[in-house]
Amino acid sequence: MTNWQEVDTYAKRWIKEAGERIKKSFSEDFVVETKSNKNDLVTEIDKGTEQYFITKIKEVYPDHHILGEEGMSSRVENLEGIVWIIDPIDGTMNFVHMQRDFAVSIGIYENGVGQIGLIYDVVADELYHVKRGHGVYMNETKLKPLVPVEVEEAIIGLNATWVTENKRIDPKYLSPLTKDARGTRSFGSACLELAYIAAGRMDAYITLRLSPWDYAAGKIMVEELGGKVTSLRNEELDMLTQNSFFASKPELHEEILRKYLQNGQW
């Protein structure tokens with residue numbers, strides 16, 4: 001039997017230590033590289049942070065598997081056993097340009113089921129954390145279950161890319177949602193936007209393309225509080241590949257699907 005309290009304790013210690021390492025880098029020069037395109041950035045801090053987690057995890061739990069954004073660990077083919085899904089810095093562009101609005105994210109899954117989720121807003125020193133069946137917390141404050149809200153009162157996380165001319169979808173599909181909602185936001189860090197849903201600061205988050213390390217921790221949090229997380233087609237997410245992504249308070253999830261998403265070409 002896995003001692004989840006022990007795993008939780010280690011994960012919290014390591015994510016805080018990683019945060020301290022990242023903060024120390026603020027005064028240093030570091031190399032910024034691009035990955036898939038000019039806006040897909042990675043730094044040596046991303047890579048070093050991921051390697052830090054790999055070293056710590058393997059020292060204590062050599063039989064656990066690790067799926068990380070920067071690919072520093074061995075390839076994960078499935079979610080059998082215990083898998084740590086890690087984004088060492090989610091919001092690298094924010095990290096590079098502003099040194100804020102980024103986070104470290106860890107989701108720990110057992111045979112495909114989320115057990116522990118941690119999202120650490122390093123600069124704000126806000127650690128959002130969940131252990132399956134035990135509620136969601138922001139630092140020591142327990143977060144309340146998500147309450148229903150209608151589109152007209154909702155704050156939606158949505159990047160302007162998807163409501164202007166782009167290569168993936170016709171902007172007409174999501175434009176009506178931006179008009180009907182109370183407001184939209186885009187923070188440039190998917191895991192923070194999911195943490196904000198859990199904290200009641202936002203009501204939904206929609207994007208056309210998201211990787212497992214971006215949402216692994218936040219998915220556990222939103223679902224623990226009664227929210228719903230699916231693809232834009234209302235399908236279960238594949239935790240090993242990129243997906244379209246839709247997280248929301250439960251009744252709002254159904255309303256947005258019915259009014260705005262069901263006819264979209266996702």
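Residues numbered from 1 in each chain as written. Predicted model: local features only at pLDDT ≥ 70, side-chain atom pairs only at ≥ 80, totals over all residues. Heavy atoms only, no water.

1. Focus on the pattern of salt bridges
Next up, step 1: Enumeration according to the criterion identifies nine salt bridges in this entry.
Next up, step 2: The residue Lys-249 makes a salt bridge to Asp-203 at a minimum N-O spacing of 2.7 Å. With a gap of 46 residues between them, Lys-249 in the loop between β14 (243-248) and α7 (250-261) and Asp-203 in the loop between α5 (190-198) and β12 (204-210) connect regions that are remote in the sequence. (Salt bridge = Lys/Arg side-chain N within 4 Å of Asp/Glu carboxyl O. Helix = DSSP H or I, 4+ residues; strand = E, 2+ residues; numbered from the N terminus.)

2. Some points on the packing of aromatic side chains
Aromatic ring pairs are defined here through the distance separating the ring centres and the angle between the ring planes.
Next up, step 1: Within the structure shown, the criterion is met by 11 aromatic pairs.
Next up, step 2: Residues Phe-26 and Phe-102 carry aromatic rings whose centres are separated by 6.2 Å and whose planes lie at 85° to one another, so their mutual orientation is edge-to-face. Taken as a pair, Phe-26 in the loop between α1 (4-24) and β1 (32-34) and Phe-102 in the loop between α3 (92-97) and β5 (103-110) lie far apart in primary sequence, 76 residues in all.
Next up, step 3: Classification of Phe-102 as buried rests on a relative accessible area of 1%.
Next up, step 4: An angle of 65° between the planes, with centres 5.6 Å apart, marks the rings of Tyr-52 and Phe-53 as edge-to-face. Assigned by exposure class, Tyr-52 and Phe-53 land together as buried. (Phe/Tyr/Trp six-rings, centres within 6.5 Å; stacked < 30°, edge-to-face > 60°. Buried < 20%, exposed > 50% of the residue type's maximum accessible area, 1.4 Å probe, protein only.)

3. What about the sheet that holds β5?
Next up, step 1: Ordered by their spatial adjacency, seven strands build an open sheet running β3-β4-β5-β6-β7-β8-β9, and the pairing between neighbours is mixed. The outermost strands of the open sheet, each flanked by one partner alone, are β3 (65-68) and β9 (141-142). (Pairing = 2+ DSSP bridges.)

4. Some remarks on the packing of α5 against helix α6 (residues 212-224)
Next up, step 1: Between α5 and α6, the shortest axis-to-axis distance is 8 Å and the interhelical angle comes to 5°. Overall, the two elements α5 and α6 adopt an arrangement that is roughly parallel. Along its contact with α5, which presents Ala-190, Cys-191, Leu-194, Ile-197 and Ala-198, the element α6 presents Asp-214, Tyr-215, Gly-218, Lys-219, Met-221 and Val-222.
Next up, step 2: For the contact of α5 with α6, the residue count by class is eight nonpolar, one polar and two charged. (Axes fitted to C-alpha atoms, helices over the stretch in contact; angles between N-to-C directions. Parallel < 35°, antiparallel > 145°, perpendicular 65-115°, else oblique. Contact = heavy atoms within 4.5 Å. Nonpolar A, V, L, I, M, F, W, Y, C, P; charged D, E, K, R; others polar.)

5. Description of the side chain of Glu-126
Next up, step 1: Position of Glu-126 among the secondary structure elements: in strand β7 (residues 126-131).
Next up, step 2: Ignoring sequence-local partners within four residues, the contact set of Glu-126 consists of Ile-119, Tyr-120, Asp-121, Met-138, Asn-139 and Arg-201.

6. Considering the sheet that holds strand β13 (residues 228-230)
Next up, step 1: Reading across the sheet, the five strands line up as β11-β10-β12-β14-β13 and stay open at both edges, with mixed pairing between neighbours. Two strands lie at the open edges of the sheet, namely β11 (183-185) and β13, each paired on one side alone. Between one strand axis and the next, the sheet turns through 15° on average, direction left out of account.
Next up, step 2: Pairing of β13 with β14, which is carried by three bridges, proceeds in the antiparallel orientation. If you follow Lys-228 over to β14, its bridge partner there is Ser-248.
Next up, step 3: Contacts from α5 reach β10 (155-158), β11, β12 and β14, with the element oriented near 155° to β12.
Next up, step 4: Relative to β13, α6 is tilted by about 150°, and along the sheet it contacts β12, β13 and β14.

7. So, the side chain of Ser-105
Next up, step 1: On the secondary structure map, Ser-105 appears in strand β5.
Next up, step 2: Classification of Ser-105 by relative accessible area gives buried; the value is 0%.
Next up, step 3: In this structure, Ser-105 is in contact with Ile-85, Ile-86, Asp-87, Leu-118, Ile-119, Cys-191, Trp-213 and Ala-217, ignoring residues within four places of it in sequence.

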